[in-house]
Amino acid sequence: MTQNKTYDVVIVGSGISGAVIAKTLTQAGKRVLLLEAGLTAGMNLDRNGNYLNYVDYLNTFYQAEIKVPNSPYPNIKDAPSINVIDMQPITATNSPSTTGYLVQAGPLPFASDCLRGPGGTTLHWLGSTPRMLPNDFKMKSLYGVGVDWPISYEDLMPYYEMAEFEIGVSGNVDQIKWPEASTEKQQVALKNKYYGKNYVFPMQEIPTSYLDSIFTGLVKEINNNDPVKFNGKKATIGFSTTPQGRNSVPNPQYPYRDILWNPKKKKLEFQTKKRWNIQLNGVVDIPEDEKYEYLPVGSTWDPNTGLRCEGNASCVPICPVQAKYNALKTLFKADRTKTTIKTQSVASKVLYDEKTKEITGIEYKTYNTANSLTYETHVAKGKIYVLAASAIENAKILLASGIANSSDQVGRNLMDHLCLLTWGLLPEKGYPYRGPGSTTNMSSFRDGPFRKEHAAWICPIDNWGWAWPVFSPGSDLAVALSKNIFGQELRALLADSIPRQLLLHYECEQAPEPGNRVTIDPNYRDAIGNYRPVIHYDASDYMKKAFKAAKDLNNQIFKDAGIQDYTVYSPTIAQDYVGYEGQGYNFWGAGHIVGTHRMGSSKKDSVVNADCRTWDHDNLYLVGCGNMPTLGTSNPTLTTTALTFKAAEAILKQLEK
């Protein structure tokens, strides 16, 4: 075991939370050590090396027989990633299921994955960046479900704006619809209240897909002629365009150049006259006569590549040109003279003083080559420590260390969006597989009094045909061939059916439940002796009622719009299959893994406070989706990035006391 020098802050993980902490702190003059479990690939500051590495990712993806989120990226035995292709139904004969990195204790398998490697899961995220709704922060008070957050939407608003700057969000605030508003006047009032009257995103809206126009047009006719019924009452279905973390045309109305620490005011501030210069590793003044324009961040190998989304439709798992944001872009903006990065360094334990409760180091194991069975153990020293390793890895490390758990909440309340998929053939061609994975969502059912009874959902219009549930278009060809359809008849069949494919996914908000949790067991270790996460997971009636309500709604839409319904649920369609009131439903994980070290107002029932600092250890912060007490219906990356900026500000205040 070796001892290293002492840094201001030691960070575990280089995903978006770790990258934001590293960038913000080093630009404020702090010395940071970042430990990354994955390979050096992608972390190299050499642009040519980054290009060659990314091409290797692309070629691996193109050649993969099964194309899932982690297909392009290496899975290393010394730092294994969760992979959805390892999931299997849990039965009496295979419990717990141990086929993948996770040990699945059931009764249902947890069917979402994430990436352990440089950039983390932002390498294969969809890029959707909706904010949470104000009521999402008050689930207990309003609906008697879960818990309230210790902060409000209004508290998080300035940090949401920072997150939207950092990610580089494209969108149109005026096209975001609020479920509680029934008139255009109410929509405008809520937009002004919750975004600000003059707020705009850094980049303009990416054009919505042709498929969106076909489907929303059909639903508009339903709204006008005979509205659907939702839970027995007539309901008008509304749509929002989806803000996205992918490059578009810069918005000339967007005023900000950067976010920098103000040491006098002890806060992070937007800048209009200064910005960080990557080449100079310092802050520079912006000449008064310089024309302002938000600068999209291009690829990590060429700043002139990826400046606009090219509509490649492979956002998950990989954007070929890096027009979609990933955390490496943020990490590249860190002050390189104050950033030390150690890759192939797997955090295994947090060390602490039993008397003072002060954290004294991070124990980590280094391996020389991928899948090596030998390793060395080291200790990283800092004044403050930040775990940014993912909701599951953070919980695992804390449990392995026996720390931060006086509330008994570490590992508990594991959540995801449970996706009920429906698929059918449109009455006319909508031409999916063109453009980003999704540009519009059905937003009417994100909030309402029904949340007392069942989960809310957001429903993106997917632009990937039936690829997710039945692996189209390859499966369409296989089915046709199995029916001895060949030649001209085959071409005509595929040309008619595939362009008419429609896929909806109802992303149902999972409520926090203490029994859904991450634990550890000394019987389950990885190749270098670290714990493997043991997952206990189930879907409650609160979720199953949502599946029923969503499917009932979907049946009406498909019938009234003339959409041929091909949806089938069975134990063989997907690993997660549940029954409710005599009907079976499959659900799929969304990759939105949250809630294992939630924040709260009291150390009795939460792990961190509103600044993401652990209640039990003054110099230990946890960042990432694990902090979220409830999930809401939005993709969690934007919210966790906002929380991370809040944590970074708190860390700087603590360092400069």
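Now for a look at the structure at hand. (Residues numbered from 1 in each chain as written. Predicted model: local features only at pLDDT ≥ 70, side-chain atom pairs only at ≥ 80, totals over all residues. Heavy atoms only, no water.)

**Digging into a nonpolar patch on the surface**
A contiguous nonpolar patch, built from Ile-66, Ile-85 and Phe-471 and spanning about 310 Å² of accessible area, is present on the exposed surface. One can find Phe-471 in the loop between helix 9 (467-470) and helix 10 (474-482). (Patch = residues over 30% accessible without salt bridge, like charges linked within 9 Å, V, L, I, M, F, W, Y side chains within 5 Å. Areas by Shrake-Rupley, 256 points an atom, 1.4 Å probe, with all protein chains shown as cover. Salt bridge = Lys/Arg side-chain N within 4 Å of Asp/Glu carboxyl O. Helix = DSSP H or I, 4+ residues; strand = E, 2+ residues; numbered from the N terminus.)

**A look at the pairing of strand 9 (residues 274-277)**
Pairing between strand 9 and strand 10 (residues 282-285): four bridges, direction antiparallel. Paired with Trp-276 across the two strands is Val-283, which belongs to strand 10. (Pairing = 2+ DSSP bridges.)

**Describing the packing of aromatic side chains**
Any aromatic ring pair is given by two values, namely how distant the centres are and how the planes are angled relative to each other. Under the counting rule described, the total for this entry stands at 35 aromatic pairs. Ring geometry for Trp-178 versus Tyr-195: centroids 6.1 Å apart, planes at 65 degrees, classification edge-to-face. Separated by 17 residues along the polypeptide, Trp-178 in the loop between helix 4 (153-167) and helix 5 (184-194) and Tyr-195 in the loop between helix 5 and helix 6 (210-225) bring together distant segments of the chain. Of the two residues, Trp-178 and Tyr-195, both sit in the buried class. Ring plane angle 90 degrees and centroid distance 5.8 Å describe the contact between Tyr-254 and Tyr-294, whose orientation is recorded as edge-to-face. One end of the pair, Tyr-254, is in the loop between strand 6 (239-241) and strand 7 (258-262); the other, Tyr-294, is in the loop between strand 10 and helix 7 (327-331), with 40 residues separating them in the sequence. A single burial state applies to Tyr-254 and to Tyr-294, both of which are buried. (Phe/Tyr/Trp six-rings, centres within 6.5 Å; stacked < 30°, edge-to-face > 60°. Buried < 20%, exposed > 50% of the residue type's maximum accessible area, 1.4 Å probe, protein only.)

**Let's talk about the sheet that holds strand 20 (residues 534-537)**
Two strands in a sheet stick together by hydrogen bonds in their backbones, pointing the same way (parallel) or opposite ways (antiparallel). Judged by pairing direction, the sheet is mixed, and its three strands sit side by side in the order 3-20-19 without closing on themselves. Because the sheet does not close on itself, it has two edges, and the strands there are strand 3 (103-107) and strand 19 (517-519). Across the sheet, the mean angle from the axis of one strand to that of its neighbour is 20 degrees, orientation sign disregarded. Here four bridges tie strand 3 to strand 20, and the two strands are oriented parallel to one another. Each bridged residue has a counterpart across the sheet, and for Gly-106 the counterpart in strand 20 is His-536. (Axes fitted to C-alpha atoms, helices over the stretch in contact; angles between N-to-C directions.)

**Observations concerning the packing of helix 1 (residues 16-27) against helix 13 (residues 637-655)**
For the pair helix 1 and helix 13, the least separation of the axes is 9 Å and the interaxial angle reads 35 degrees. At the point where helix 1 passes helix 13, the crossing takes the right-handed sense. Contact residues: Ile-16, Ser-17, Val-20, Ile-21, Thr-24 and Leu-25 in helix 1; Thr-637, Thr-640, Thr-641, Thr-644, Phe-645, Ala-648, Ile-651 and Leu-652 in helix 13. (Left-handed = near helix turned anticlockwise from the far one by under 90°. Contact = heavy atoms within 4.5 Å.)

**Quick look at helix 12 (residues 541-561)**
Under the 1.5 Å per step criterion, the end-to-end length of helix 12 is 30 Å for 21 residues, consistent within 8% with the ideal 30 Å. Once helix 12 ends, the next one or two residues include Gly-562, with phi positive near 75 degrees. (Expected span 1.5 Å × (residues − 1).)

**Digging into the pattern of salt bridges**
One pass over the structure, following the stated rule, counts 22 salt bridges. The partner of Lys-266 in a salt bridge is Glu-656, with the nearest N and O atoms 3.2 Å apart. Remark: Glu-656 occurs in the segment after helix 13 and Lys-266 occurs in the loop between strand 7 and strand 8 (267-271); sequence separation between them is 390 residues. Measuring nitrogen to oxygen at the nearest pair gives 3.0 Å for the salt bridge that ties Arg-500 to Asp-496. Residue classification places Arg-500 among the buried positions, given a relative accessible area of 12%.

**Quick notes on the nonpolar core**
In this structure, Phe-215, Ile-362, Met-442, Trp-457, Tyr-506 and Ile-557 are the most contacted members of the largest nonpolar core, which totals 161 residues. Sorting elements by how many residues they give to this core places helix 12 first, with 10 residues. Ignoring sequence-local partners within four residues, the contact set of Phe-215 consists of Phe-239, Met-442, Ile-461, Leu-502, Leu-504, Ile-557 and Ile-563. By size, the runner-up hydrophobic cluster in this structure holds 10 residues, among which are Tyr-57, Phe-61, Leu-123 and Leu-328. (Core = buried A, V, L, I, M, F, W, Y, C linked by side-chain atoms within 4.5 Å.)

**A closer look at unusual backbone geometry**
A cis amide bond, omega 10 degrees, links Gly-106 with the succeeding residue Pro-107. With respect to the helices and strands, Pro-107 occurs in strand 3. Here the residue pair Ser-472 and Pro-473 is connected by a cis peptide bond, since its omega of 0 degrees sits within 30 degrees of zero. Its location among the elements puts Pro-473 in the loop between helix 9 and helix 10. Here the phi dihedral of Lys-357 falls at roughly 70 degrees; this positive angle occurs in a residue that is not glycine. The residue Lys-357 is located in the loop between strand 12 (345-352) and strand 13 (359-366) in this model. The backbone of Asp-408 sits at a positive phi, close to 60 degrees, despite the residue not being glycine. As for its position among the elements, Asp-408 is in the loop between helix 8 (391-401) and strand 15 (417-425).

**Observations concerning helix 1**
For helix 1, which comprises 12 residues, the first-to-last C-alpha distance of 16 Å matches the rise-based estimate of 16 Å (1.5 Å per residue) to within 8%. Taken together, the buried positions of helix 1 are Ile-16, Ser-17, Gly-18, Ala-19, Val-20, Ile-21, Ala-22, Lys-23, Thr-24, Leu-25, Thr-26 and Gln-27.

**With respect to the environment of Leu-34**
Tracing the sequence through the fold places Leu-34 in strand 2 (residues 32-35). As a C-alpha pair, Leu-34 and Ala-111 span 77 residues in sequence and 29 Å in three-dimensional space.

**Side note on the side chain of Ser-401**
Tracing the chain through its elements places Ser-401 in helix 8. Judged by its relative accessible area of 11%, Ser-401 falls in the buried class. In this structure the side chain of Ser-401 is engaged in a polar contact, spanning 2.7 Å, whose partner is the backbone oxygen of Ile-397. (Polar contact = N/O pair within 3.5 Å; in protein donor to acceptor, adjacent residues only side chain to side chain.)

**Quick look at the environment of Tyr-292**
Relative to the helices and strands, Tyr-292 is located in the loop between strand 10 and helix 7. The contact partners of Tyr-292, leaving out residues within four places of it in the chain, are Tyr-254, Pro-255, Tyr-256 and Arg-257.

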